Amino acid sequence: MKIDRRDVLSLAGGAAAGLAVSPLPWRLLGDTAIWSQNWHWMPRVPRGAIEEREARCTLCPSACPVKLRMTNGIVHGVAPNGGALCPAGFAAHHLAWHPLRLRECRRKDQAVPLEEALSSLRAAVAQRRGAVAVLDLAPGRASSLLHRRHMAALGGAYLMPPRIEGGTAHAVEALLEKRRALAADLASVKAVLSVSTPLLDGWAAPSSAVERGFRLIQAEPHRSRTAGLADEWLPVKPGSETALLLAVGHCWLKRPEMAQQLERLKGAEAWRQAAEAMPPQRAAELAGIEAARIEAAAADLLGHRPSLVLADGDPVGGPLSREARAAAAALNILLGAEGFRPVPPLPLPKDWTLAEAQSLEEAGDGSIGVLIIDEPWPGVSVPWQLVEKKLARGAVVAAVTWNRAQFARHAEWLIPAPVWLEAPLDAAQPHDAPRAQIAVAPAVMARPKDTISAAEATARLAGVEMTAADEFAALAQAAGSEAAQIGDNGFYWSSEAKGAAPAAARIAPEQWTAETWLRAAAPSAASPAVVAFGWRQAAVSPMLGKLWQESELREGPQQAVLHPDLLRRQGMEEGVLARLMSPRGAWPVRVRAAETRPDVIAVCGGPSLALACEVRPDGAWTLGEAKVVKS
Amino acid sequence: MRKLGAENKTARYAMLIDLDRCNGCGACMVACAVENNVPPPQPSATPRTGLNWLRVFRLNTGGRDAFIPVMCMQCGDETPCQSVCPQKAVEFDPATGIVGQIPERCLGCRYCMAACPYQARVFNWWDPQWPAGMEQALNPRVSARQRGTVEKCNFCHGRWQAALEKAAQDGESGPVRYTPACAEACPAQAIRFGDLNDEEFAAECRDSGAFRLLESLGTGPKVFYRTSRAEVREATRGFGEVKRG
């Protein structure tokens, strides 16, 4: 048989046709799909049984109950457990692998073993006994009690940063006949005048209050998320908050019951003079809004009792001026502090002695020889300038921190701290509900080598025999049967407020004159004025970038918001990179057009934005002279 | 998770979103990404190129802000994306009413993105990258995302599978009840998930305040919206006809 070219071609053609109907090409397609999912750079999904555990999210004072979904000892999902969670809560387990996570103990640029760092710090403490302090950047936790106990043993000081959330409550506390810790009772108020306080963004209680239909008036230069959801947005000029609040007081002065209330308070004359000198028309000129809107806000607060005035400021942008906080406190005093309730004390073992809690401002300049900074979670924002001036020459600074971005830049010793779910860590006291709580989340994941919580570190320095876990257990025991166990080493205890706030003695701080108020009533002269704002939880996980980088749902770190007209005037386009220039340096920002005052640029930042801010004599900080310029 | 009535052999899963309750917190977006192993944004990602199965848009109503979560509408039999896919990578499952996306078959032509009137599909431009170690926190029930394919919401298929397995273990058959991540996450309880074969849920979806996006196209979307604010309904007109038939 002769085989010619035609036969060869027929065979090849037939083979090709046959192959096409055979399973081989489909198998190849299928295999390619499997290969493409298994390239070496593709992440491997963990395999194993899924188990569920209970915990509490302790990254903010809400301390929400959560269900953890775990495989092989690693948490891969967080879900609410009979409540709700904020966006950060769903990605909170990512904190353990955050790109900024501090993973090794360092002295400046050199890695050192943890034990070496602790012995060096012990030696520094021994040398400078009496000049030791711990700066607790998340005060109000059970861990804060441990710090105070350790500082009492060491003869050191326990310091807290300027209070932002709860700042108005703090100002009201100072005016009471008998000082008690207060918290806003947002669950029962019917109207709130909030001045630059992000009530609906990062606060837990108001969302349920909104459902009840409470009236919210938000005074703020830019249309923040809270302003956008409020019943009324008063776009006031930055710095005119005191004028606005005095004008509300001016409207109230006409009411006989208010005049009567004022009669019995100390400091009334100075405040009355200031309020009388600030009619709504004048405040309207200073704040850049209509006088009728100020009068309506004043009437709303009296028409929807109980009502509340808050001027806490922004957690990232910083507290409002001392005068604005005092002006808000004065209005609350006139309202009988009905929006606040006293917070019950925390349970304490009988044999514990605690160092006094002091604010950072109260510490003497140049008085601290050894400073331990406790930065337990993301979002703490305090300008370094506030801390620096309190340090003695040659002071030793150690940051026990989860990250290597903020205070780690200034500290000589960087000590890695465990994060949520790696060690029993606890949440701070709520500032939006009159409740005392201890919420210790259990440790369910292995903690990295050489990590130590700040409470454990201060215990080691003070020579306290108990471990932090033992100390928490002692607190749980002191709390008694009301403390509910969570997992192996966590627990939750809370106590609701009872009764009303004590009567007020004063309406204004001692030695304040009308001039003190009025001096602070003028708005910022800068045009456009640059203001800072932010969301504390933004740094919890890179996943949260979905909300501002991969969508336009909210503003995120390193974004500047301008009115479209101002954007045009500045010669910039939406989405371009610009620079935030402040006397302290330059930072890149991406500009966005949004609804805001046309003479204001609002810069959204993470905690490092505090580095760009100027600290004022009253301890508040602002972007002040900063500018946003085309890059 | 509960078995539906034995008379129903199939389910028609659907979502009812109350826009009056949504406060635009974004918890649903984050919970969706974490559940479905969607990676964090790449440095150069933008709202146009980002990988979001669910996106919450802010509506300009002139008054108080309103928000609208938009995801795959799980259209009915006339699914536009399915008819254009040359790879059969889009499949409508008559047993659940869910439009499935099969990334292994997808060759990334993006015809489906062009065909989708809701712009609910996104192209995956990058290999998934996670900060070192974070890949340990991936959801074991869902595969990692892969570059060069189109992605979309599948009503949390991994959770549906898990519910199905659980039902099988319990000796039950037929459609199961489960909750997708976004509905579980919503702190305002604005997102409700159910089965249109469930009379009570179907009645809520048919209620006079409810509407669907681009209903006039006849795609049979199974995501329903509800609002009592006329200006919010007006603002959704950008997505087409709002009247519920």
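Thresholds, definitions, all that
Here the residue numbering is sequential within each chain, running from 1 through the sequence in written order. Just so you know, chain letters begin at A and ligand numbers begin at 1, following the order they were written in. Since the coordinates come from a predicted model, pLDDT governs what is reported: local features require at least 70, and pairs of side-chain atoms require 80 or more to be given and counted, while whole-chain, interface and lining totals use all residues. Working from all heavy atoms in the structure, the side-chain values ignore hydrogens and water. Counting from the N terminus, the helices are DSSP H or I runs at least four residues long and the strands are E runs at least two residues long. Each radius of gyration reported is based on C-alpha atoms, and the globular scaling rule is 2.2 Å times the count of residues to the power 0.38. We call two residues in contact whenever any of their non-hydrogen atoms come within 4.5 Å of each other. Relative accessibility thresholds used throughout: buried, under 20% of the residue-type maximum; exposed, over 50%; partly exposed, between the two (1.4 Å probe, protein chains only). All accessibility values rest on the Shrake-Rupley procedure with a 1.4 Å probe; residue burial counts only the protein chains present in the view. Only four residue types enter the tally: Lys and Arg on the positive side, Asp and Glu on the negative side; His and the chain ends are excluded. Note on charges: their place is set at NZ of Lys, CZ of Arg, CG of Asp or CD of Glu. When two parts are put together, the accessible area they lose, computed with a 1.4 Å probe and summed over both, is reported as buried area. We define a salt bridge as a side-chain nitrogen of Lys or Arg found within 4 Å of a carboxyl oxygen belonging to Asp or Glu. We call two N or O atoms a polar contact when they sit within 3.5 Å, provided that within protein one can donate a hydrogen and the other can accept it, with sequence-adjacent residues counted only if both atoms are side-chain atoms. Gly counts as polar in this scheme, as do all residues outside two lists: the nonpolar Ala, Val, Leu, Ile, Met, Phe, Trp, Tyr, Cys and Pro, and the charged Asp, Glu, Lys and Arg. The angle between two axes is taken between their N-to-C directions and runs from 0 to 180 degrees, where each axis is a line fitted to C-alpha atoms and a helix contributes only its stretch in contact. Roughly parallel means an angle under 35 degrees; roughly antiparallel means over 145; roughly perpendicular covers 65 to 115; every other angle is labelled oblique. Here a crossing is taken to be left-handed if its near helix is turned anticlockwise relative to the far helix by less than a right angle, and right-handed if that turn runs clockwise. Any residue with an atom within 4 Å of a point lines the site, the site being either a cavity, points on a 1 Å grid over the protein atoms alone where a 1.4 Å probe fits but cannot get out, or a pocket, an open set with protein on both sides within 12 Å along at least 5 of 7 lines. Grid points are joined across faces, edges and corners, and a volume is the space filled by probe spheres set on the points. Each Phe, Tyr or Trp ring, with Trp reduced to its six-membered ring, pairs with another whose centre is within 6.5 Å; inter-plane angles below 30 degrees give stacked pairs, above 60 give edge-to-face pairs, and intermediate values give tilted ones. Two limits define a charge over a ring: the Lys NZ or Arg CZ must be within 6 Å of the ring centre, and within 35 degrees of the ring normal. Only residues whose relative accessible area exceeds 30% and that form no salt bridge enter a patch; like-charged residues are grouped when within 9 Å of one another, and nonpolar side chains (Val, Leu, Ile, Met, Phe, Trp, Tyr) when within 5 Å. Each direction from the helix axis to a C-beta atom contributes to the arc, which is the arc of those directions. In short, DSSP must find at least two bridges between two strands for them to pair. Remark: nonpolar core denotes a set of buried residues (Ala, Val, Leu, Ile, Met, Phe, Trp, Tyr, Cys) joined through side-chain atoms within 4.5 Å. Domain start and end points were adopted from an automatic or database domain assignment.

Things to note about the overall build of chain A
Looking only at helices and strands, chain A features 19 helices and 31 strands. The C-alpha atoms of chain A give a radius of gyration of 28 Å, which matches the 25 Å a tight globule of 631 residues would have. Projecting the C-alpha coordinates of chain A onto the three principal axes gives extents of approximately 125 × 65 × 50 Å. Partitioning the intrachain contacts of chain A with sequence separation of at least 6 by distance along the chain shows that 73% fall at a separation of at least 24.

A few points about the overall build of chain B
In terms of helices and strands, chain B carries 7 helices and 10 strands. Taking the principal axes of the C-alpha coordinates as reference, chain B spans close to 50 × 50 × 35 Å. Going through the 245 residues of chain B one by one, you find that 59% of them count as buried. Considering only intrachain contacts with a sequence separation of at least 6, the fraction spanning at least 24 residues in chain B is 68%. A total of about 10,200 Å² of accessible surface is found on chain B, and carbon and sulfur atoms cover 48% of it. Side chains of chain B give 30 positive and 27 negative charges; the mean places of these two sets differ by 3 Å.

Structural notes on the interface of chain B and chain A
On the side of chain A, 48 residues touch chain B, which itself brings 57 residues to the contact. Counting the surface chain B buries against chain A, the share from its top three residues, Val30, Pro41 and Pro140 of chain B, is 14%. Remark: the boundary between chain B and chain A carries 2 salt bridges. With a closest N to O distance of 2.8 Å, Asp65 of chain B and Arg223 of chain A form a salt bridge. Taken together, the connections running from chain B to chain A amount to 16 residue pairs in polar contact (both at pLDDT 80 or more). Those elements that place two or more of their residues in the side of chain B that touches chain A are helix 1 (27–35), strand 2 (55–59) and helix 5 (181–185) of chain B. Examining the composition of the side of chain B that touches chain A, we find that 7 residues originate from one element, helix 1 of chain B, more than from any other. Residue composition of the side of chain B that touches chain A, grouped by class: 29 nonpolar, 15 polar and 13 charged.

Things to note about the packing of helix 9 (residues 241–253) of chain A against helix 12 (residues 280–287) of chain A
All names here are of chain A. Where helix 9 meets helix 12, the axes come as close as 9 Å, and the angle between the chain directions of the two elements is 165 degrees. Judged on the interaxial angle alone, helix 12 and helix 9 are roughly antiparallel. Pair helix 9 / helix 12 crosses with left-handed handedness. Residues Ala243, Leu244, Ala247, His250 and Cys251 of helix 9 form the contact with helix 12, whose participating residues are Pro280, Ala283 and Leu286. In terms of residue class, the contact of helix 9 with helix 12 is made up of 7 nonpolar, 1 polar and no charged.

Observations regarding the environment of Leu213 of chain B
With respect to the secondary-structure elements, Leu213 of chain B resides in the loop between strand 9 (210–211) and strand 10 (223–226). In this structure the C-alpha to C-alpha distance between Leu213 of chain B and Ala230 of chain B, which are 17 residues apart in sequence, comes to 15 Å.

Quick word on empty space enclosed by the protein
Residue and element names in this part refer to chain A. As enumerated under the stated definition, the model contains 10 cavities of 30 Å³ or more in all. The space that makes up the largest cavity amounts to roughly 120 Å³. Along its surface, the largest cavity is lined by 16 residues, and Arg141, Leu425, Ser453, Ala454 and Ala455 are the ones closest to its centre. In terms of residue count, helix 16 (residues 454–462) provides more of the lining of the largest cavity than any other element does, 3 residues in total. Looking at the lining of the largest cavity, its residues break down into 10 nonpolar, 2 polar and 4 charged.

Some words on the packing of aromatic side chains
Applying the stated criterion to the full structure yields 7 aromatic pairs over all chains. When the ring of Trp512 of chain A is compared with that of Trp517 of chain A, the centres are 4.9 Å apart and the planes differ by 75 degrees; the resulting orientation is edge-to-face. Comparing Trp512 of chain A with Trp517 of chain A shows no difference in burial state: the two are buried. Between Tyr13 of chain B and Tyr178 of chain B, the ring centres sit 5.2 Å apart and the planes meet at 80 degrees, which makes this aromatic pair edge-to-face. Taken together, the residues Tyr13 of chain B in strand 1 (residues 13–18) and Tyr178 of chain B in the loop between helix 4 (157–169) and helix 5 connect sequence positions 165 residues apart. For Arg110 of chain B, the ring lying beneath its charged end belongs to Phe123 of chain B, and the centroid distance is 4.3 Å.

Points about a nonpolar patch on the surface
Residue and element names in this part refer to chain A. A surface patch of nonpolar side chains, about 720 Å² in accessible area, is lined by Leu19, Leu24, Leu28, Ile34, Trp35, Trp39 and Trp41. No other element matches the 4 residues that helix 2 (residues 24–37) contributes to the nonpolar patch. Position of Ile34 among the secondary structure elements: in helix 2.

Points about unusual backbone geometry
Geometrically, the link from Arg305 of chain A to Pro306 of chain A is a cis peptide bond, its omega value of -5 degrees lying close to zero. With omega at 0 degrees, the peptide bond leading from Ser527 of chain A into Pro528 of chain A counts as cis. Along the chain, the position of Pro528 of chain A falls in the loop between helix 18 (514–519) and strand 24 (529–533). Of note in this structure, Ala337 of chain A is not a glycine but carries a positive phi near 50 degrees. Relative to the elements of secondary structure, Ala337 of chain A occurs in the loop between helix 14 (322–334) and strand 15 (340–342). The class for Ala337 of chain A is buried, based on a relative accessible area of 5%. Even without being a glycine, Asn37 of chain B presents a positive backbone phi close to 55 degrees.

Considerations on the pattern of salt bridges
Side chains that differ in sign of charge can pair as their charged atoms come close. Residue and element names in this part refer to chain A. Here the structure, examined in full by the defined rule, presents 49 salt bridges over all chains. Glu412 is the salt-bridge partner of Arg107, the closest N and O atoms lying 2.6 Å from each other. With a gap of 305 residues between them, Arg107 in strand 4 (residues 106–107) and Glu412 in the loop between strand 18 (391–401) and strand 19 (413–416) connect regions that are remote in the sequence. We classify Arg107 as partly exposed; its relative accessible area is 37%.

Some remarks on helix 12 of chain A
Residue and element names in this part refer to chain A. Listed as buried for helix 12 are Pro280, Ala283, Ala284, Leu286 and Ala287. Looking straight down helix 12, one finds its buried side chains confined to an arc of 165 degrees; they lie on one side. Where helix 12 is buried, its residues meet helix 9 and helix 13 (291–303). Count one or two residues on from helix 12 and you reach Gly288, which has phi positive near 75 degrees.

Structural notes on the sheet that holds strand 20 (residues 425–426) of chain A
Backbone-to-backbone hydrogen bonds join strands into a sheet, with any given pair of strands oriented parallel or antiparallel. Across the sheet, which stays open at both edges, the 4 strands sit in the order 20-21-23-22 (chain A) with antiparallel pairing between neighbours. Each edge of the sheet is formed by a strand with only one pairing partner; in this case those strands are strand 20 and strand 22 (484–486) of chain A.

Examining the sheet that holds strand 3 (residues 74–80) of chain A
All names here are of chain A. Reading across from one edge, 1-2-3 is the order of the 3 strands in this open sheet, with antiparallel pairing throughout. Every other strand in the sheet has two partners, leaving strand 1 (51–56) and strand 3 as the edge strands with one partner each. For this sheet, the mean angle separating the axes of adjacent strands, direction not counted, is 30 degrees.

Examining the nonpolar core
All names here are of chain A. Formed by 223 residues in total, the largest nonpolar core has its most connected members in Trp252, Trp271 and Leu580. Contacts of Trp271, omitting those with residues within four sequence positions, involve Leu246, Gly249, Leu253, Leu262, Ala330, Leu331, Leu334, Ile507 and Trp517. Residues Ala117, Ala355, Val400 and Val464 belong to the second largest nonpolar core, which totals 29 residues.

Concerning the domain arrangement of chain A
Residues and elements named next belong to chain A. Segmenting chain A into domains produces domain 1 (5–97), domain 2 (114–150 + 348–496), domain 3 (167–343 + 501–520) and domain 4 (529–630). Put simply, the middle of domain 3 and the middle of domain 4, counted by C-alpha atoms, are 26 Å apart. Every contact between the two is made by 24 residues of domain 3 and, on the other side, 23 residues of domain 4. Of all residues in domain 3, the largest losses of buried area upon contact with domain 4 belong to His222, Arg225 and Val316, amounting jointly to 30% of the total for that side.

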